[in-house]
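Residues per chain are reported as follows:
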Amino acid sequence: VQLVESGGGLVQPGGSLRVSCAASGFTFSSYNMRWYRQAPGKEREFVALIRSDGGFTNYAASVSGRFTISRDNAKNTVYLQVNSLKPEDTAVYYCNVRLGSLSYWGQGTQVTVSS
């Protein structure tokens, strides 16, 4: 299993980014996918979930209405569109998949919100 995040960067408050996670090594279309984030000095926290078929999504209260999770099962890729960014959104963003009792993570992509 391999998860590779990309698309992070430095953005001003109020700005937007789209981060991506390319997956391989498992049947992508059969599994729910999640995004988490970890800010400096804080625990890793749940951000968003998308069901295997893309028909259901769920968000942390802190990002609901600003972030959108989506997936392209033909490309084995999950996305996180992040809008109206705030300094407190600064973190390393990770994608995650759970295969049975095992949980897999990518290396993360840094999103920094600063003027």
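(A) Region of the structure containing the overall build of the protein. Within the protein one finds zero helices and 11 strands. Element order for the protein, N to C, with α for helix and β for strand: β-β-β-β-β-β-β-β-β-β-β. Taken over the C-alpha atoms alone, the protein extends approximately 40 × 25 × 25 Å along its principal axes. The buried share of the protein, taken over its 115 residues, is 42%. Across the protein, every contact between residues at least 6 apart in sequence was considered, and the portion connecting residues at least 24 apart equals 51%. Total accessible area on the protein stands at roughly 5,800 Å², and carbon and sulfur atoms take up 46% of it. In the protein, the 11 positive side-chain charges and the 7 negative ones have mean positions that sit 3 Å from each other.

(B) Fine view of the packing of aromatic side chains. If you walk through the whole model with that rule in mind, you get six aromatic pairs. Their ring planes at 80° and their centres at 5.8 Å tell us that Tyr-36 and Phe-46 sit as a pair that is edge-to-face. Here Tyr-36 is found in strand S4 (residues 33-38), whereas its partner Phe-46 is found in strand S5 (residues 45-50), with 10 residues between them in sequence. Assessed through its relative accessible area of 12%, Tyr-36 is described here as buried. Judged by centre distance (5.0 Å) and plane angle (65°), the ring pair of Tyr-36 and Trp-105 falls under edge-to-face. Residue Tyr-36 is located in strand S4, and its partner Trp-105 is located in strand S10 (residues 102-105); the two are separated by 69 residues in the primary sequence. One residue, Arg-18, lies across the ring of Tyr-79, its end atom 4.1 Å from the ring centre. Sitting above the plane of the Phe-28 ring, Arg-71 keeps its charged end 4.3 Å from the centroid.

What counts, and at which threshold
Residues numbered from 1 in each chain as written. Predicted model: local features only at pLDDT ≥ 70, side-chain atom pairs only at ≥ 80, totals over all residues. Heavy atoms only, no water. Helix = DSSP H or I, 4+ residues; strand = E, 2+ residues; numbered from the N terminus. Buried < 20%, exposed > 50% of the residue type's maximum accessible area, 1.4 Å probe, protein only. Contact = heavy atoms within 4.5 Å. Areas by Shrake-Rupley, 256 points an atom, 1.4 Å probe, with all protein chains shown as cover. Lys, Arg positive; Asp, Glu negative; His and termini not counted. Charge placed at Lys NZ, Arg CZ, Asp CG, Glu CD. Phe/Tyr/Trp six-rings, centres within 6.5 Å; stacked < 30°, edge-to-face > 60°. Lys NZ or Arg CZ within 6 Å of the ring centre and 35° of its normal.

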